[in-house]
Amino acid sequence: MKRIAAILITVLALSGCGIYSFSGTSIQPDVNSITIGFFEYRAARVNPSLANDMTEELKNKFRRLTRLEQLDEDGDLEITGAITGYDVAASAITANEMAAQNRLTVSVSVTFTNRKYPEDNFEKKSFSAYADYDSSNSLDAVESSLCAEIIEKIIEDIFNATVAQW
C-alpha cells in the first residue's frame, strides 16, 4: 500500500510541476502557443507535396503531444524551416558495380524561436533522414512510402530538439 501511495505522489508531483510531461516534452508552464511556418522547398530535385506534408505532420505532432495552441503568427514558440536537400544515391553496390540499393535522403534547415526563453533558440539547424529502397524499383514507385518514413524521422528529431530538448 505504501508503495502505491509513493508512486501516486511521484506521478502527481511530476505532472503538477508543469515542466515535464509523459509525452517527453519539457515546456515551461508560461509557454502557451506555437507558430509553425510553412516549410519552403529549396531542394534542386522537386517533390511537389513534400513541403506541405512536412509542415502538416509537424503541426499534427505538436497537436497530439503538447497542450500548445497553434497560432498563425506570434506564438510563444515559432518553428520555421526549409527543405534544402532531396537526393537519391546508390547505397549498396553489387560485384558487377551495379546499384543494389538506392538511398533517398531529405535534409531540412530549421530555425526555432522561443520568445519567453531565448536561450533555447537555434538558427538554421540541419536535420536529415534517409530511407533505402531496392534498385529494381523506380523512385516513383516507392517515393510516397519513403517520404512518409523520412518525414516521421525528421519530425521526431525536430520535436525533440525544440520541446523535448534532447
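Only a predicted model underlies this, so the values are computations on that prediction, with no experimental measurement involved.

*Asks:* Requested: an account of the side chain of threonine 55, with residues and values cited.
*Replies:* Among the structural elements, threonine 55 can be located in helix H2 (residues 50–65). Accessibility expressed as a relative area gives 1% for threonine 55, which makes it buried. Here the side chain of threonine 55 touches phenylalanine 39 through a polar contact of 2.9 Å, landing on its backbone nitrogen. Setting aside anything within four residues of it in sequence, one finds threonine 55 in contact with Gly37, Phe38 and Phe39.

*Asks:* Can you break down the side chain of glutamate 143 residue by residue, with the values?
*Replies:* Residue placement: glutamate 143 occurs in helix H3 (residues 139–164). Buried charge without a salt bridge: glutamate 143, with arginine 45 as the nearest opposite-charge side chain at an N-O distance of 5.9 Å. One polar contact links glutamate 143 to asparagine 47, side chain to side chain, over a distance of 3.4 Å. A distance of 2.3 Å separates the side chain of glutamate 143 from the side chain of tyrosine 86, its partner in a polar contact. Residues within four places of glutamate 143 in sequence aside, it is in contact with Asn47 and Tyr86.

*Asks:* Please provide a residue-by-residue account of the pairing of strand E4 (residues 77–93), values included.
*Replies:* Pairing geometry for strand E1 (residues 33–36) and E4, over 3 bridges, is parallel. The residue bridging threonine 35 from the neighbouring strand is glutamate 78, located in E4. As defined by bridge partners, strand E2 (residues 40–41) adjoins E4 across 2 bridges and the pair is classed as parallel. Within E4, the position partnered with tyrosine 41 by the bridge is isoleucine 83.

*Asks:* Residue-level account of the packing of aromatic side chains, with values.
*Replies:* Going through the model one piece at a time under the given rule, you end up with 3 aromatic pairs. Both rings, one in phenylalanine 112 and one in phenylalanine 122, keep their centres 5.6 Å apart while their planes meet at 35°; by these two values the pair is tilted. Note that phenylalanine 112 is positioned in strand E5 (residues 99–114) and phenylalanine 122 in strand E6 (residues 122–134), a separation of 10 residues in sequence. Taken together, the ring pairs connect Phe112, Phe122 and Phe127 into an aromatic cluster. Residue placement shows lysine 125 over the ring face of phenylalanine 122; its charged tip is 5.1 Å from the ring centre.

What counts, and where the lines are drawn
- Residues numbered from 1 in each chain as written.
- Predicted model: local features only at pLDDT ≥ 70, side-chain atom pairs only at ≥ 80, totals over all residues.
- Heavy atoms only, no water.
- Helix = DSSP H or I, 4+ residues; strand = E, 2+ residues; numbered from the N terminus.
- Buried < 20%, exposed > 50% of the residue type's maximum accessible area, 1.4 Å probe, protein only.
- Polar contact = N/O pair within 3.5 Å; in protein donor to acceptor, adjacent residues only side chain to side chain.
- Contact = heavy atoms within 4.5 Å.
- Lys, Arg positive; Asp, Glu negative; His and termini not counted.
- Salt bridge = Lys/Arg side-chain N within 4 Å of Asp/Glu carboxyl O.
- Pairing = 2+ DSSP bridges.
- Phe/Tyr/Trp six-rings, centres within 6.5 Å; stacked < 30°, edge-to-face > 60°.
- Lys NZ or Arg CZ within 6 Å of the ring centre and 35° of its normal.

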